[in-house]
Amino acid sequence: MADPLVYINGSGIVSPQPAFQTENFPFEPVSYETNRLKVIDPGYKEFIPAEMIRRMGRIIKMGVASAKLCLRDAGFQLEDGSYRSPEAIVTGTGLGCLEDTEKFLSSMITNKEEFLTPTSFIQSTHNTVAGQIALLLKCHGYNFTFVHRAFSFESALLDAMTRIKTGTCTEVLTGGSDEITNHSFTIMQRMGFWKRKTIQSLELYQDHQRGTIAGEGSSFFLLTNEKNDLSRAVLSGVTTFLHPESSSEVVHRGHRFLNNLTCQPNNIQLIITGVNGNPQDDSVYHEFLDKGFSGTPMAGFKHLCGEYPTASAFALWIATGILSTQVVPPWLMVRGTQPEKIDNILIYNHFKNQEHAFILIRKV
Amino acid sequence: MPERVFITGIGIVCAIGNNVGEVLNSLMAERSGIGAITLFPTLHQGTLPMAEVKMSNQELASDLGFSTPKAYTRTALLGMKAAREAIRSSGITDMKAFRTGLIGATTVGGMDRSENFYASFLTDPSKGKLADVVNHDCASGTEQIAAYLNIPDFITTISTACSSSVNAIMFGSDLIRTGQLDRVIVGGHDAVTRFTLNGFNTLMILDRSGCHPFDENRAGLTLGEGAAYLVLESEETVAAARKKVLAEVTGYGNANDAYHQTASSPDGKGAFLAMTKALSMSGLAPSEISYINVHGTGTQNNDLSEGLAIERIFGENVPPFSSTKAFTGHTLGAAGAIEAIISVLSLLHEVIFPNLNFSIPMKELKIRPVSRLMTRIKLQHVLSNSFGFGGNNSSVILSRLENTDIQ
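Residues numbered from 1 in each chain as written. Chains lettered and ligands numbered in written order. Predicted model: local features only at pLDDT ≥ 70, side-chain atom pairs only at ≥ 80, totals over all residues.

Engineer: Give me the lowdown on the overall build of chain B, citing residues and values where you can.
Structural biologist: In terms of helices and strands, chain B carries twelve helices and ten strands. Rg of the C-alpha trace for chain B: 20 Å, near the compact-globule value of 22 Å for 407 residues, within the 12% margin. Projecting the C-alpha coordinates of chain B onto the three principal axes gives extents of approximately 60 × 55 × 40 Å. Across the 407 residues in chain B, those meeting the buried criterion constitute 64%. Counting only contacts in chain B whose residues sit at least 6 apart along the sequence, the fraction spanning at least 24 positions is 79%. (Helix = DSSP H or I, 4+ residues; strand = E, 2+ residues; numbered from the N terminus. Rg over C-alpha atoms; globule rule 2.2 N^0.38 Å. Buried ≥ 20, exposed ≤ 12 C-beta atoms within 10 Å, placed from the backbone. Contact = placed C-beta atoms within 7 Å.)

Structure follows, in structure tokens:
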């Protein structure tokens, strides 16, 4: 018995860009003169009860809003405005609820362990986003949260696909969320993550200083085994690996990944990579194309959303938009020319040459 | 899915022992690991008890063959120690012989070091040693375990509060059942930190006299720390190596209470659903469960809602049950794996470990936990529960099998 196909029937995005669902693709990208991109408020009041908004950390608001945007995009909103619950919720986050964690930690240190209140501690838990979505949707199903750096979203995808392929669930809401705070930005600046001189974000790939630009966001997808009018793309597979020894190993793994999914390198019309403007990181992607996909055009996405552990979820959204509209906007291209007819997109992201991941997504 | 999942190795470090043998001895001797706080200075020293691992970071590092603990958080050191024991006990020598993965779990990752960093950082953002914060994230400990033990093929980390490491067992089992991995080392690790101690203290759910699970006068939980890892293998790799199997993972389920971010629903809906799913997957009737290792934190809320859910499923025939948290403390991200290993020990040694500190049954429940060690009791199927914040409820069923079952 062949595995069922996994369809992406909707997506919801909260990001630094003014686009929130699959139907908003392609959009007019916004450039920022900063090394720290922040998400655009999608109008949280529409998605979260007013009395809850005030207490929620930003990542929770982003997560809940993008999850509901996704359900709306996938046709899960009912006539009375409420949402039909999916069967399962699987999320990924690299650093979790940083704002609440810092808030509790700071007041604990500053007040010498006295006069503390529980709200920020409660919300600091890494599965708060998945838990709050379940609470608001009254979703009693499977609820998992993966927290493995640049594998967080990929692990969530793998789990969601495993649910569908094993038939334990037919529809899974899955996503990735991360927020950046003043403290985390400063700490990562000290670690040398960010460019020193401020740049225009849309010119990220023309800048050759060391480092990249910080970002954040939340992207959710409704995965299902059921093909319908709203099916935007087919999610074929995902794989992750640590510390490859050479670019040849990456190419070998990339070819093997495609081969296992009965796809050949020359069937890939576009590769979306995690190029981030840091020469050391970007050379890994260019070598991968040079050695294994020399004629294939490459698009980037981190000039739109910045670098963060679950940024690849934003890339999956871009890929979904491209496959469903068959439009590759020129402002996505990093290398080669825009392909016209797109059947298969390979997403390749790595973090500091440590965590590497491939996602294959195909036309319905 | 015909693939079966077997446990071939276990490793543990917690307040009642630094390895499986020591833990078993403490359990048999009914010796709790709860005591005074010694690991870090805190306002709560002398008033709140804790279940600490009885090894310093330096002792853990030396045990693992490092000259200093500097590059590691306590969380990671505990994880490496337990995972190493699990792999040794499974007899795995060649990590690359089969597709082998690692699934870790934690709630606060490297918070034990981040606390030190923040104390300096808050006074001046250019201060604080980056080495104290670089391993803050939840994945760091898992990656250090993978590097230490050369686990090659797959890695991830789960964080779903106090059910984290049962969820690691579930996800690992699914990867084997679907043929995505042949072997997977699954479990969790969490060190005690001032962050969690103060966090739970603000919720007013820490028992000043040590936890009393399922007792009418229970007054909260007691925090603990530790790590536990299990080696899960497919039928094929077990058969190939003619391995001794400790137990089989026969069922599991995760469900969400969807009631409140921290509190359990009064009727224990999530707990009921998780246990029901696990039973349904295993194909067992409730009457076939021989023992339940309950989540039993000792909070008013958990024990009542878990107890009611158990009564709803098992009716008049609730099997013997106990919470072992009065031995180990509540080890958060490690709890599910620690209790799975305690359940394996129950199956192997034909004993039910007692629910310490129990004296008065809860007035809302008809049931009462096993409060004395029960020996020579043949157990076939053990159910273990772990519930967490975010309404995250998980149950796993571990079953005993004769060696002749697998050839």
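Read on, since the account is not over.
Engineer: Any chance you could break down the overall build of chain A for me, citing the residues and the numbers?
Structural biologist: Helix and strand content of chain A: eleven helices and eleven strands. Here chain A has a C-alpha radius of gyration of 20 Å; the compact-globule value for 364 residues is 21 Å, and the two agree. Its C-alpha atoms put chain A at 60 × 50 × 35 Å along the principal axes. Counting across all 364 residues of chain A, residues that qualify as buried make up 58%.

Engineer: Which residues make up the interface of chain B and chain A, and what are the values?
Structural biologist: Chain B puts 45 residues into the contact, and the matching count from chain A is 47 residues. If you list the elements that add at least two residues to the side of chain B that touches chain A, you get α4 (111–121), α5 (138–149), β3 (154–158), α6 (164–177), α7 (194–202), β6 (247–256) and α9 (269–282) of chain B. Looking at the side of chain B that touches chain A, the element that brings in the most residues is α7(B), giving five residues. Each residue belonging to the side of chain B that touches chain A can be placed in one class, and the counts come to 20 nonpolar, 20 polar and five charged. (Nonpolar A, V, L, I, M, F, W, Y, C, P; charged D, E, K, R; others polar.)

Engineer: Mind laying out the domain arrangement of chain B, listing which residues take part and the relevant values?
Structural biologist: It is common to give the size of an interface as the accessible area that goes away when the parts come together. All names here are of chain B. Partitioning chain B into structural domains gives domain 1 (5–241) and domain 2 (249–401). Distance between the C-alpha centres of domain 1 and domain 2: 21 Å. Contacts between the two partners involve 62 residues from domain 1 and, on the opposite side, 53 residues from domain 2. At the level of elements, β1 (5–14), α1 (20–28), α6, β4 (183–190) and β5 (226–234) are the ones that each hand at least two residues to the side of domain 1 that touches domain 2. Class assignment of the residues belonging to the side of domain 1 that touches domain 2 gives a composition of 32 nonpolar, 23 polar and seven charged. (Domains from an automatic or database assignment.)

Engineer: Tell me about the domain arrangement of chain A, and please be specific about residues and values.
Structural biologist: All names here are of chain A. Taken domain by domain, chain A consists of domain 1 (6–224) and domain 2 (234–362). Averaged C-alpha coordinates put domain 1 and domain 2 at centres separated by 22 Å. The interface is formed by 48 residues belonging to domain 1 together with 39 residues belonging to domain 2. For the side of domain 1 that touches domain 2, the secondary-structure elements that each account for two or more residues are β1 (6–14), α6 (152–165), β4 (171–178) and β5 (217–224). Within the side of domain 1 that touches domain 2, the residues separate by chemical class into 24 nonpolar, 18 polar and six charged.

Engineer: Hey, could you go over the packing of helix α2 (residues 58–73) of chain A against helix α5 (residues 128–137) of chain A for me, with residue numbers and the actual values?
Structural biologist: Residues and elements named next belong to chain A. Where α2 meets α5, the closest approach of the two axes is 9 Å, and the angle between their N-to-C directions is 50°. As summarised for this structure, α2 and α5 are arranged oblique, according to the angle between their axes. The chirality of how α2 crosses α5 is right-handed. The residues of α5 that touch α2, namely those facing Ile59, Ile60, Gly63, Val64 and Ala67, are Thr128, Val129, Gln132, Ile133 and Leu136. Classifying every residue of the contact of α2 with α5 by side-chain character gives seven nonpolar, three polar and no charged. (Axes fitted to C-alpha atoms, helices over the stretch in contact; angles between N-to-C directions. Parallel < 35°, antiparallel > 145°, perpendicular 65-115°, else oblique. Left-handed = near helix turned anticlockwise from the far one by under 90°.)

Engineer: Which residues make up unusual backbone geometry, and what values do they have?
Structural biologist: Residue and element names in this part refer to chain A. The step from Phe25 to Pro26 runs through a cis peptide bond, and the omega angle for that step is -5°. Even without being a glycine, Arg149 presents a positive backbone phi close to 45°. Within the secondary structure, Arg149 sits in the loop between β3 (142–146) and α6. For Arg149, a count of 24 C-beta atoms within 10 Å corresponds to the buried category.

Engineer: Outline the pairing of β5(B), listing residues and values.
Structural biologist: The two faces of a sheet get side chains in turn, since along a regular strand they alternate between them. Residues and elements named next belong to chain B. When you tally the buried positions in β5, you get nine out of nine residues, the bulk of the element. Residue alternation in β5 divides its side chains into two sets, Gly226, Ala228, Leu230, Leu232 and Ser234 and Ala227, Tyr229, Val231 and Glu233, and both sets are buried. Across nine bridges, the pairing between β1 and β5 is antiparallel. Counterpart to Gly11 in the pairing with β5 is Tyr229. Pairing geometry for β4 and β5, over eight bridges, is antiparallel. (Pairing = 2+ DSSP bridges.)

Engineer: I'd love a proper account of the nonpolar core, names of residues and values included.
Structural biologist: Core analysis: the largest hydrophobic core is formed by 241 residues, its most contacted members being Ile347(A), Ile169(B), Leu230(B) and Ile341(B). When residues of this core are assigned to their parent elements, the largest contribution, ten residues, is made by helix α11 (residues 311–325) of chain A. (Core = buried A, V, L, I, M, F, W, Y, C linked by C-beta atoms within 7 Å.)

Engineer: I'd like a description of the environment of Leu360(A), backed by residues and values.
Structural biologist: Residues and elements named next belong to chain A. Along the polypeptide, Leu360 turns up in strand β11 (residues 355–362). Measuring from C-alpha to C-alpha, the distance between Leu360 and Glu87 comes to 24 Å, with 273 residues separating the pair along the chain. If near-sequence neighbours (up to four positions away) are discounted, Leu360 is found in contact with Ser236, Gly237, Leu258, Leu261, Cys263, Asn344 and Leu346.

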